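# Residue-level structure breakdown
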Amino acid sequence: MEAAMVGMSASEPRERLFAFVDEVVRPLPHVRQRENALLYVRGLIEQGGRKSLQPTLFRLEETPARYESMQQFLADSPWDPAALVRACAERVAPELGVLAWVIDDTGIVKDGKHSPGVKRQYSGTLGKIGNCQVAVSVHAVGERGTLPLGFALYLPEEWCVDLARRRKAKIPDRVVFQTKPQLAASLAERAAGWELPAAPILADCAYGDDTAFRTGLQRLGREYVLAVSAQIGVYGPETAFAVPERNGSVGRRRSVARPDRKPESVRALAERLASRAWQTLPCRMSAAGEDVTSRFAFVRVVAAHPVRTDCQPPREEWLIIEWPEATEAPSDYWLSNLPADSGRERLARLARLRWTIELDYRQLKGELGLDHYEGRSYAGFHHHCALVTCAHAFLTLERLCPRARRPV
């Protein structure tokens, strides 16, 4: 991303940076906040090395007084980070050719026990349990790039009930424990209210296995393609649903259709499919720009949990199964509420599109210091993420049209 700055005089990209930041920080209520936002984003983009506050300001040759002002701006100033993220999203997302919104979470390695949300917990970044924070995020993924649409810090239950730690980390009283799928659903619902291109939501099985998460997206009217585990239960296409007769003449009248058989795991269903159910389709692009193919099956099913446990009416959706040639078992499964007439290739490509989020995290961390915030403030963490999003959005525009005049 920083390669977008190469080959131009220093003044050209800096002038465009000033104009872009001036546009997107307009929701901030005070002049000093807008000045600090510009300086912080400059430090994220222009300066190498670690992007924590003190070394960044030192490289920018700023005074100690500015450090105190910036520290207050990040940790304590009551500006809304979502307003800045929204301004970036509404400015940049239409340029991307958005194909999907991707939900995921990332670990941020930490020492000590005072950073909000830190504990020994599993981190996909580490690939193991380690001392870290975990941030849930949603990203727009398009033909021409990606863009974060929001971050939320996951607070383990032990943090939420520890009043002393909450006070030290300045966690607002309104913040209560939420699971990662609940945080993701809130981020998606918030972004759905912005002026953005709508697109199917993608996530891994940590989210797809959560029945409430899938049901919540359905109620919001959002399409999804969500990975699920092999043991998730479904009713296959042969299942008939009917409303049972009431018990006797005085029993309560039944209203919810019930299945005529027991559910089965998605793996069991995959293993009994006829050979004609499988087809080889392009599902992603290689680094060289060539189509990569794999073998898929697409079956209309009803997920078991909402019907059996929550007594919800049956809702038919797609089960997408990938079973590569010469492997002993299917590699992946997805549930999707896309329409019944959706093209099979589109379903396959959406299912395999989620991997792009790893590239996004790599850029956000490796180039822009997403994981470099060293403060111990809950608000400060989210302020930092919003300003990293701003830097990311500007560099995305630079890569797409580095010399174009962009209206502000």
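Above this text sits the structure in question.
Below is a short write-up of the structure. (Residues numbered from 1 in each chain as written. Predicted model: local features only at pLDDT ≥ 70, side-chain atom pairs only at ≥ 80, totals over all residues. Heavy atoms only, no water.)

### A short note on the overall build of the chain
For the chain, the helix and strand inventory stands at 15 helices and 14 strands. Here the C-alpha radius of gyration of the chain, 24 Å, is about what a compact globule of 408 residues would show, namely 22 Å. Taking the principal axes of the C-alpha coordinates as reference, the chain spans close to 80 × 55 × 40 Å. Put simply, the chain has 408 residues, and 50% of those count as buried. Summed over all atoms, the accessible surface of the chain reaches about 19400 Å², with 49% contributed by carbon and sulfur. If you average the places of the 56 positive and of the 50 negative side-chain charges in the chain, the two averages end up 4 Å apart. (Helix = DSSP H or I, 4+ residues; strand = E, 2+ residues; numbered from the N terminus. Rg over C-alpha atoms; globule rule 2.2 N^0.38 Å. Buried < 20%, exposed > 50% of the residue type's maximum accessible area, 1.4 Å probe, protein only. Areas by Shrake-Rupley, 256 points an atom, 1.4 Å probe, with all protein chains shown as cover. Lys, Arg positive; Asp, Glu negative; His and termini not counted. Charge placed at Lys NZ, Arg CZ, Asp CG, Glu CD.)

### Considering the pattern of salt bridges
Counted under the stated rule, the structure contains 23 salt bridges. Of the charged contacts, one joins Glu35 and Arg32 as a salt bridge, the two residues approaching to 3.1 Å between their closest N and O atoms. Taken as a pair, Glu35 and Arg32 lie in helix α2 (residues 31-46) at a separation of 3 residues, close to a single helical turn. Judged by relative accessible area, which is 37%, Glu35 ranks as partly exposed. Salt bridges linked by common partners bring Arg14, Arg42 and Glu46 together as one network. (Salt bridge = Lys/Arg side-chain N within 4 Å of Asp/Glu carboxyl O.)

### Some thoughts on the nonpolar core
In terms of nonpolar packing, the biggest core is built from 82 residues, with Phe20, Trp101, Ile103, Leu149 and Leu387 touching the most fellow members. For this core, the leading source of residues is helix α15 (residues 378-400), giving 12 residues. Once residues within four sequence positions are removed from consideration, Phe20 is found in contact with Cys88, Arg91, Val92, Cys390, Ala393, Phe394 and Leu397. By size, the runner-up hydrophobic cluster in this structure holds 21 residues, among which are Leu202, Ala227, Phe298 and Trp318. (Core = buried A, V, L, I, M, F, W, Y, C linked by side-chain atoms within 4.5 Å. Contact = heavy atoms within 4.5 Å.)

### What about helix α8 (residues 180-192)?
Counted at 1.5 Å a residue, the expected span for α8 with its 13 residues is 18 Å, and the 18 Å between its end C-alpha atoms agrees. Taken together, the buried positions of α8 are Pro181, Leu183, Ala184, Leu187, Ala188 and Ala191. On an axial view of α8, the arc spanned by its buried residues comes to 160°, and they lie on one face. Looking at the buried residues of α8, the elements they touch are β1 (98-109), β3 (128-142), β4 (145-153), β5 (201-203), α9 (205-208) and α10 (211-219). (Expected span 1.5 Å × (residues − 1). Arc of directions from axis to C-beta.)

### A few points about the packing of α2 against helix α4 (residues 64-75)
Look at α2 against α4: their axes get within 10 Å of each other, and the N-to-C directions meet at 100°. Between α2 and α4, the angle is such that the two are roughly perpendicular. Contacts from Arg32, Gln33, Glu35, Asn36, Ala37, Leu39 and Tyr40 in α2 reach Arg66, Ser69, Met70, Phe73 and Leu74 in α4. Within the contact of α2 with α4, the residues separate by chemical class into 6 nonpolar, 3 polar and 3 charged. (Axes fitted to C-alpha atoms, helices over the stretch in contact; angles between N-to-C directions. Parallel < 35°, antiparallel > 145°, perpendicular 65-115°, else oblique. Nonpolar A, V, L, I, M, F, W, Y, C, P; charged D, E, K, R; others polar.)

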